[in-house]
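# Architecture at a glance
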Amino acid sequence: MHHPIKRIVLLGPMGIGKTTAIRSLCGSLAIECDVPNLDKQAHAKETTTVGLDFGEIKLDDEDTLQVYGCPGQERYDFVREWALSLAFGAIVMVDIHEPQAMEQTIDLIQQCHAAPNIQAVVVLIARPASAAQQEMFTVRLSAHAECAVPVLSADPRNPSQMLDTLDIIAAMLPDEVQPR
Amino acid sequence: MSELILHAAHLSEAHQLRFSYLFEVAAKHWRDKQPSQTAKTATELWVIDAHSAPDAIQNRSNSSFVLLIATDDQAQAARAQWPDQIDAQLPPDYSVGRLTQLLEHISVQAHGKRLRETLKTRRQHSMTLSHDVQVKNADAAFLKATDLNQPTLVVAEPAPEPVLEAPATTATAPAAALGNLPAPGTRFRIKRWTQLTGSMAGQAHRQLLAAMISGDRGLDELAERTQLERGEILRVLQVLRGKGVLVETAAPAAAEPVALATLAPPATHTAEPGPAAAKLGLFRQLSRWIHQNRASDPH
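This one's a predicted model, so the numbers in the text were calculated from it and none came from an experiment. (Residues numbered from 1 in each chain as written. Chains lettered and ligands numbered in written order. Predicted model: local features only at pLDDT ≥ 70, side-chain atom pairs only at ≥ 80, totals over all residues.)

### Describing the overall build of chain B
The helix and strand inventory of chain B stands at 12 helices and eight strands. Residues counted as buried form 38% of the 299 residues belonging to chain B. For chain B, the share of sequence-separated contacts (at least 6 apart) that also reach a separation of at least 24 residues comes to 71%. (Helix = DSSP H or I, 4+ residues; strand = E, 2+ residues; numbered from the N terminus. Buried ≥ 20, exposed ≤ 12 C-beta atoms within 10 Å, placed from the backbone. Contact = placed C-beta atoms within 7 Å.)

### Remarks on the overall build of chain A
Across its full length, chain A holds five helices and nine strands. Reading chain A from its N end, one meets helices and strands in the order β-α-β-β-β-β-β-α-β-α-β-α-β-α. Burial analysis of chain A (180 residues in total) assigns 48% to the buried set. Counting contacts in chain A only where the partners sit at least 6 residues apart, residues at least 24 apart contribute 68% of the total.

### Observations regarding the interface of chain B and chain A
Each partner contributes residues to the interface: chain B has 34 residues there, and chain A has 36 residues. No other element matches the 10 residues that helix H12 (residues 282-296) of chain B contributes to the side of chain B that touches chain A. When its residues are assigned to classes, the side of chain B that touches chain A shows 12 nonpolar, 12 polar and 10 charged. (Nonpolar A, V, L, I, M, F, W, Y, C, P; charged D, E, K, R; others polar.)

### Brief notes about the packing of helix H5 (residues 159-172) of chain A against helix H8 (residues 203-213) of chain B
Following both chains from N to C, one finds H5 of chain A and H8 of chain B inclined at 35°, their axes separated by 8 Å at the closest point. Seen along the crossing, H5 of chain A lies across H8 of chain B with a hand that is right-handed. Across the interface between the two elements, Asp164, Asp167, Ile168, Ala171 and Met172 of chain A of H5 of chain A pack against Gln203, Arg206, Gln207, Ala210 and Ala211 of chain B of H8 of chain B. For the contact of H5 of chain A with H8 of chain B, the class distribution of residues is five nonpolar, two polar and three charged. (Axes fitted to C-alpha atoms, helices over the stretch in contact; angles between N-to-C directions. Left-handed = near helix turned anticlockwise from the far one by under 90°.)

### Observations regarding the nonpolar core
Ranked by internal contacts, the top residues of the largest apolar core, which has 82 residues, are Val9, Leu10, Ala90, Val92, Val122, Leu124 and Val149 of chain A. Per element, the largest residue contribution to this core is eight residues, and it comes from H5 of chain A. (Core = buried A, V, L, I, M, F, W, Y, C linked by C-beta atoms within 7 Å.)

### Focus on H8 of chain B
Of all 11 residues in H8 of chain B, nine are buried, a share of seventy percent or more. For H8 of chain B, the full list of buried residues reads His205, Arg206, Gln207, Leu208, Leu209, Ala210, Ala211, Met212 and Ile213 of chain B. Residues of H8 of chain B that are buried sit in contact with strand E9 (151-153) and H5 of chain A together with strand E6 (187-190), strand E7 (217-218), helix H9 (219-226) and helix H10 (230-243) of chain B.

### Side note on the pairing of E6 of chain B
Residue and element names in this part refer to chain B. As defined by bridge partners, E6 adjoins E7 across two bridges and the pair is classed as antiparallel. Looking at the pairing, phenylalanine 188 lines up with arginine 217 of E7. In the sheet, E6 pairs with strand E8 (residues 246-249) via four bridges, with the strands oriented antiparallel. Bridge pairing in E8 places arginine 187 opposite threonine 249. (Pairing = 2+ DSSP bridges.)

### Notes on the sheet that holds E6 of chain B
Residue and element names in this part refer to chain B. Taken together, three strands build an open sheet; the order of strands is E7-E6-E8 and the sheet is antiparallel. Of all strands in the sheet, those bounded by a partner on one side alone are E7 and E8. Against the sheet, H8 engages E6 and E7, with an angle of about 100° to E6.

### Some points on unusual backbone geometry
The phi torsion at glutamate 146 of chain A lies on the positive side, around 65°, for a residue other than glycine. Among the secondary structure elements, glutamate 146 of chain A is positioned in the loop between helix H4 (131-142) and E9.

### A few points about helix H3 (residues 101-114) of chain A
The periodicity of an α-helix, 3.6 residues per turn, causes residues three or four places apart in sequence to face the same way. Residues and elements named next belong to chain A. Here H3 is 14 residues long and its end C-alpha atoms lie 20 Å apart, about the 20 Å a rise of 1.5 Å per residue gives. Taken together, the buried positions of H3 are occupied by Thr105, Leu108, Ile109 and Cys112. End-on view of H3: buried residues confined to an arc of 100°, all on one side of the axis. Projecting away from the buried face of H3 at angles above 90 degrees are the exposed residues Glu103 and Ala114. The secondary structure elements touched by the buried residues of H3 are strand E1 (6-11), helix H2 (77-86), strand E7 (89-94), strand E8 (120-125) and H4. (Expected span 1.5 Å × (residues − 1). Arc of directions from axis to C-beta.)

Pasting the structure below:
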């Protein structure tokens with residue numbers, strides 16, 4: 001019996017914590033594609049992802065959920081497009097204190113909705129923010145087309161909080177979704 | 001232009017600074033948007049919190065509006081204690097955008113109270129009334145606490161959606177005003193995400209919102225997906241209705257509303273796949289895996 005592969009992708013700017021989030025969700029079943037970061041002007045982190053970070057979650061004996069982390073740099077747009085075309089769900093990670101946060105988040109959400117199989121998109125505020133800041137970001141975001149999506153808050157390093165995020169994606173799915 | 005007479009001295013100290021700052025910004029934002037017109041009768045607005053509610057509600061005039069700053073739980077308790085006395089509510093962490101929307105909502109309501117028939121006639125002819133707010137008599141305590149030298153929120157806040165905070169139902173919705181039970185078969189959806197507060201800030205409540213933002217869901221489905229009691233789901237629906245984000249779609253032939261006391265727990269047969277669906281759907285697979293991992297997670 002054929003079991004289609006199920007995939008979700010993590011999107012967001014460089015340094016937001018996509019690799020860390022995959023490690024939190026998948027533990028030892030995570031493979032990282034980080035190399036030394038040569039673009040220290042864009043971000044001070046020591047390493048950055050150039051391929052797709054990848055992790056697996058064994059849902060049961062037969063099915064596996066694959067989690068991809070897309071590189072954040074614009075020049076890897078084609079990787080993001082390819083990963084989105086295979087996924088049923090997406091987590092858009094954001095630091096709402098960054099000046100471009102709203103614009104980038106809207107762009108990524110709209111890219112998600114343009115993908116053929118995406119059924120659930122959530123925004124994850126991955127840096128500490130007050131309840132008022134989160135609410136303000138949520139209201140502003142939802143004023144844009146296709147951006148009425150859940151806006152959650154979690155620390156990518158915290159497995160429990162990342163499980164909560166995945167739980168919200170699960171709650172959005174039709175019961176018998178069959179991703180290709 | 002209508003004037004706004006503000007009574008806000010009843011607010012506790014914890015709420016004063018935020019309100020004074022955000023109100024000035026919201027009122028300026030509102031004023032700047034509206035053209036000046038012939039003066040109308042002033043609107044009185046009483047801003048209260050859970051602590052000051054008893055005194056303020058007793059002292060206010062009948063024609064004034066009451067804005068309660070409180071958590072959803074506190075607001076529900078206040079509304080139960082003083083039915084029809086609280087015109088609007090904001091959570092303690094409200095934004096300037098929501099306050100601006102609320103001023104607009106109150107302004108519209110004020111016109112509605114005074115000019116109900118005229119407004120009705122104008123609406124029938126697709127005409128709109130212009131509203132404006134001027135602070136006629138802000139309490140001195142708030143003016144002292146106001147710091148208009150902080151520019152950030154004015155820039156950051158979006159243009160408010162005019163009807164966002166107005167309790168709204170769609171043309172297809174059943175009779176589902178506050179306090180009423182939905183007709184069997186009614187399906188629910190939310191127009192946008194919203195952050196719930198107090199006892200509604202938990203993961204199960206976020207699941208409930210997520211289920212409703214991704215499609216129209218019936219009560220059974222919501223109960224199954226969230227493991228919340230139906231009474232609690234109805235309570236959340238009522239809050240969402242009050243926030244103006246809930247869209248309710250009636251079943252083709254709505255029957256009598258089901259009494260809350262007779263609502264059965266989530267039907268177990270809907271939660272288990274039948275023989276023909278032995279393979280679990282992704283939602284159930286993910287939910288089961290998350291549940292197992294949460295149970296083994298030491299955090």
